[in-house]
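A closer look at the structure
Below are the chains, spelled out letter by letter.
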There are 2 protein chains.
Amino acid sequence: MQIILLSGGSGKRLWPLSNEIRSKQFIKIFSNGGNYESMLQKVLRQIQEVHSEISITISTSKTQEKILKKYIDSDVEISSEPCRRNTFPAIALTAAFLHDVKKIPADEPILICPVDSYVDNNFFESFKIMAELVKNSPTNLVLLGINPTYPSEKYGYIIPASKENISKVLEFKEKPDAETAEKYIERGGLWNGGVFACKLSYLLKKADEILKNYSSLPNISFDYAVSENEKNISVVRYSGEWKDVGTWNTLTEVMEENSIGKVYFDSTCENSHVINETDTPIIAMGLKNVVVAASPDGILISDKNRSSFIKPLVDNIHEQIRFAEKSYGTYKVIDIDENSLTIKVVLNEGHKMRYHSHEHRDEVWTVIEGKGRIILDDEIKFVEVGDVVKIPAGMKHTIIADTNLKVIEVQIGRDITVEDKILWE
Amino acid sequence: MQIILLSGGSGKRLWPLSNEIRSKQFIKIFSNGGNYESMLQKVLRQIQEVHSEISITISTSKTQEKILKKYIDSDVEISSEPCRRNTFPAIALTAAFLHDVKKIPADEPILICPVDSYVDNNFFESFKIMAELVKNSPTNLVLLGINPTYPSEKYGYIIPASKENISKVLEFKEKPDAETAEKYIERGGLWNGGVFACKLSYLLKKADEILKNYSSLPNISFDYAVSENEKNISVVRYSGEWKDVGTWNTLTEVMEENSIGKVYFDSTCENSHVINETDTPIIAMGLKNVVVAASPDGILISDKNRSSFIKPLVDNIHEQIRFAEKSYGTYKVIDIDENSLTIKVVLNEGHKMRYHSHEHRDEVWTVIEGKGRIILDDEIKFVEVGDVVKIPAGMKHTIIADTNLKVIEVQIGRDITVEDKILWE
C-alpha cells in the first residue's frame, strides 16, 4: 500500500494565520505532549503510528515544496505540481510519479487522503480494510464514508446500498440543504471525507482517458472527474472522531487549551479562544463564543458561528504579506514606511538566500545573531554579530548562514516591491 | 479669570492606547471636521471658543511636560510637578506659580477643571457664573454639580441646600452604592465632576495651612484636603452633556464612527467599536457590544460592560513599552530579540535627541527619511537617506533633525535596558 497525502491549497479561511504563501496545514496549533504540531505533522505522525514502514508521498504545489520539506522527515516523498490546479491533476501527476519514478507496481493499492482532517488513529486503521478491498475484490474505487453526526450542508454525501460496514455505493450527492441532508441521513448517507483507495493502474488509466479529452489538465476535482462517473465503487464506514478543521470555529473545537501565545483572559470569558502569534499581549474580557487570531498579517475577532464567512472580507484586504516561511528560514516585515521597508530575516544554519540583486532599492544588513558569509558582486566577506553591510541597487548579493543567523534588513528606495528581484543562479 | 487645567495621571484603564508614559488625554480619538483630536485638544479648543483671550495654565507632571508642549499653542502656560502626586499638591503648586511667576492678583477668580470630561460648550459657559460668584459673593469655594442621569456608583455626590441653579452645599458624599445613590438623587444630589472655582488667595492660604501640618506634600486629592472641610461652599448646576470618558465603554459612547484605522466589519456586528493604531488590518465579525483597541503595546478585546475592570489585568503585564511620544518625535519598538532591539525613531524638524552614550550596547543607525547631523564623540557628520552610522558602546552620540527625519536603530548587546543611558548634557 502507498499513501498519497494531498497538501495543497492556500486557504484564506484561517486568515490571518494562513495566507497565500502559508497554508493552514503548517499552523502549529495542536497540542502534543507539551509542544504544538501542525495538521501536517499530526497526520504524518498518526499514519506512522498505525502503518509502520508505510511509504508516503505528499502531493503539493511547487510553491509549497520547500516549506513542506522543513516539516517532514526525509523519507517522505514529495510530488509537486508546477502550478496549482485541483485534486484531479494533482493526483494524476502523483500517480505518474509513483509509476515512472518510484517504479511502484501497477496493481499496488493507493490510498489518497487530504491532510486537513482531525481524526483519531482508527481513521487510519480503516485504510487497511480499504487496501484489502482494492486488492481482493472486483471494486474499482473504495471510499471512506464518515458517519454523519448532524445534517451538515458543508459536505457531499455518499449513499450506500446497505448499512453494512462495507457496502456498494448507490450514488453521490452534492452538498445539500439541511432538509435534504436529513433525508440522505435517513437513507444511511455518509459524508464524503475525500479519502479513497484504488489500484495505481486505475489512476493511470483515468489520467490517460481524461488527458485525451482535454488539451491541458483542467481545474477539476477527483470526485467530479472520476468518482461520480464510476459505477463500481464501494464505501467503508468510519464512525470515529472526524472534524474538518478548515474554519476557525471547527479548529477551536479541537484545541486543548483556550489560548496560544501571550493571552490574558478575565474570569468572565466563556467558550472563547485566542491564538496569538504576535509578541504583543492580548487581553480578553467578557467574551462569549468568540475566536481571536492574531499574526503579523492581521487580527481576526469573530463570533465563532460567523467565522466561516471570512473569505470575502479577506479578499478585500490588499496588504503585503508580513510573515512568511521560506526554504532558508523566515522573514517578517517589521516596519513599512513610504520609501523604506524593514525586515527581519532568520536563516537556519547551512541555508542561504538565492544570489540576487535589486534595480530600485538599496539595502542595509545588520547581523544581530550568528555568523556567516556575505557575497557581494562575487566577493566573499565573513560577518558576525554587529557587522553592517551596505548593498547599493544593482549589486548582486546573498548571505550564507554558518550558524543560525538573524539579520535586520533595511530596504530604501522609491518603489519597493517583491517583483524588483533579479536572480543570478 | 484664570483657568487651571489638570492634565496628569497615567491611566491604565485605556490600555493599550494609554500607558505609563502616554496619558489618555493625548489619544486622538475625537472626530472634529475630518480630523481626530485628543481630549486635551478638544477641551482647549472649547475653552477658547467660549472664553476668548482667557489665560490657561495646564498643571501636569514633569514627565509629561515635553509631550504636552507638542499638543498646545505656545500661549498656554504649563506648571509641572517634579513627580506625580494627587490633585491637591498639583493645584497648590500651580497656585504658587500663578502668584509668584505670573504675578496674578490674589483676588483673581481661578477655575480648576480636569481635562478628561467630554462636554458641550455650555459646560465652559458655566465657568462665567462660577467666576462671578467667587468675585461678588461671600462664598469661599464654588463647585460645578453635574445633573445625574442615573444612580451611578462611580462618582462622588454633592448635596445642595436647594434645587435652584445656584445653591449652598449641604454636604459631600463619597461614591455610594446604587441604592444610596438613588436616595441622593431624590434629595437633589449632583455628581461631583471635579470642577471648582475660588480666589487665588484661597488656594494659597489652603496650601499654606496644609503645608504646616505635613512635612512633605502628601498624595491627597483637593476634594479630600479642601472641599470636604470647607463650610462655605456653593454649587452651580450643569445639565448639559457630560461624560467621563475614562473607560473604553464610556469612550466609545462619544465616538462618531465605529472604527478608527484599518478595520473591516462584517454586516452582523452590532454596537461594537474598533480602534486600530497599528498598521495591520483587523477583521471583526458578528461582534455584539464589544470594544477592540490595538496599539503596538497590545490588543484589548472586551465586552463593553467589562471594560472598566481592565486595571488588574494590565497590572499583570510586564512588557516593555513599544510606542512612545517623545519631545523630539516618536519611537516605536519594531522588533525584540534575545540580544537585540530594533526601533524606529521619528524626529521632527529642528528637534534632537539628548547627547548620550550606552555602556553595554552598540547601535546602528540607518537614515530612511530626511536630512540631519549626527554628533559622535563631539565630531559632527551630515547624514541623509541611506546613510548608516555605527555607534559602539561608550561612544557619545546624538542626532539633530534638519528636516523631518526617520531612523531605524538596531541595538545590539547582551543586556539591553532603557536604564543603560548616560546623559552628557
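Since the model is a prediction, treat every value here as computed from it, not as a measurement. (Residues numbered from 1 in each chain as written. Chains lettered and ligands numbered in written order. Predicted model: local features only at pLDDT ≥ 70, side-chain atom pairs only at ≥ 80, totals over all residues. Heavy atoms only, no water.)

Digging into the interface of chain B and chain A
- Facing the 58 residues of chain B at the interface are 58 residues of chain A.
- Between chain B and chain A the total buried area reaches about 4700 Å² when both faces are included, carbon and sulfur atoms providing 63% of it.
- For chain B, the biggest contributors to the area lost against chain A are Ile-283, Met-285 and Ile-301 of chain B; these three give 16% of the whole.
- With a shortest N-O distance of 3.0 Å, Lys-262 of chain B and Glu-319 of chain A are connected by a salt bridge.
- Our count for the chain B to chain A interface comes out at 26 residue pairs in polar contact (both at pLDDT 80 or more).
- If you tally residues by element for the side of chain B that touches chain A, the top one is strand S19 (residues 298–303) of chain B, at six residues.
- Residue composition of the side of chain B that touches chain A, grouped by class: 31 nonpolar, eleven polar and 16 charged.
- Across four bridges, strand S19 (residues 298–303) of chain A lies against strand S17 (residues 282–285) of chain B in parallel orientation. Within the sheet, the bridge partner assigned to Ile-301 of chain A lies in S17 of chain B and is Ala-284 of chain B. (Contact = heavy atoms within 4.5 Å. Buried area = accessible area lost by both parts, 1.4 Å probe. Salt bridge = Lys/Arg side-chain N within 4 Å of Asp/Glu carboxyl O. Polar contact = N/O pair within 3.5 Å; in protein donor to acceptor, adjacent residues only side chain to side chain. Helix = DSSP H or I, 4+ residues; strand = E, 2+ residues; numbered from the N terminus. Nonpolar A, V, L, I, M, F, W, Y, C, P; charged D, E, K, R; others polar. Pairing = 2+ DSSP bridges.)

Concerning the environment of Gly-8 of chain B
Residues and elements named next belong to chain B.
- Checked against the element boundaries, Gly-8 lands in the loop between strand S1 (2–6) and strand S2 (28–32).
- On the accessibility criterion, Gly-8 (41% relative accessible area) is partly exposed.
- With 15 residues separating them along the chain, Gly-8 and Ser-23 place their C-alpha atoms 7.6 Å apart.
- Excluding its chain neighbours within four sequence positions, the residues that come into contact with Gly-8 are Ser-23, Gln-25, Ser-59 and Gln-64. (Buried < 20%, exposed > 50% of the residue type's maximum accessible area, 1.4 Å probe, protein only.)

Here we look at the relation of the copies chain B and chain A
- With an RMSD of 0.1 Å, the operation that places chain B on chain A is a rotation of 180° combined with a shift of 0.0 Å along the axis. Here the two chains are linked by the operation of a two-fold rotation axis. The rotation axis passes nearest to the C-alpha of Ile-334 of chain B in chain B, at a distance of 2.8 Å. (Least-squares fit on C-alpha atoms with pLDDT ≥ 70 in both.)

What about the packing of helix H1 (residues 39–50) of chain B against helix H4 (residues 121–136) of chain B?
Residue and element names in this part refer to chain B.
- Contact geometry for H1 and H4: axes closest at 9 Å, N-to-C directions at 55°. Relative to H4, H1 is oriented oblique. Judged by the sense of rotation from one axis to the other, the crossing of H1 with H4 is right-handed. Residue-level contacts link Val-43, Gln-46, Ile-47, Glu-49 and Val-50 of H1 to Asn-121, Phe-124, Glu-125 and Lys-128 of H4. (Axes fitted to C-alpha atoms, helices over the stretch in contact; angles between N-to-C directions. Parallel < 35°, antiparallel > 145°, perpendicular 65-115°, else oblique. Left-handed = near helix turned anticlockwise from the far one by under 90°.)

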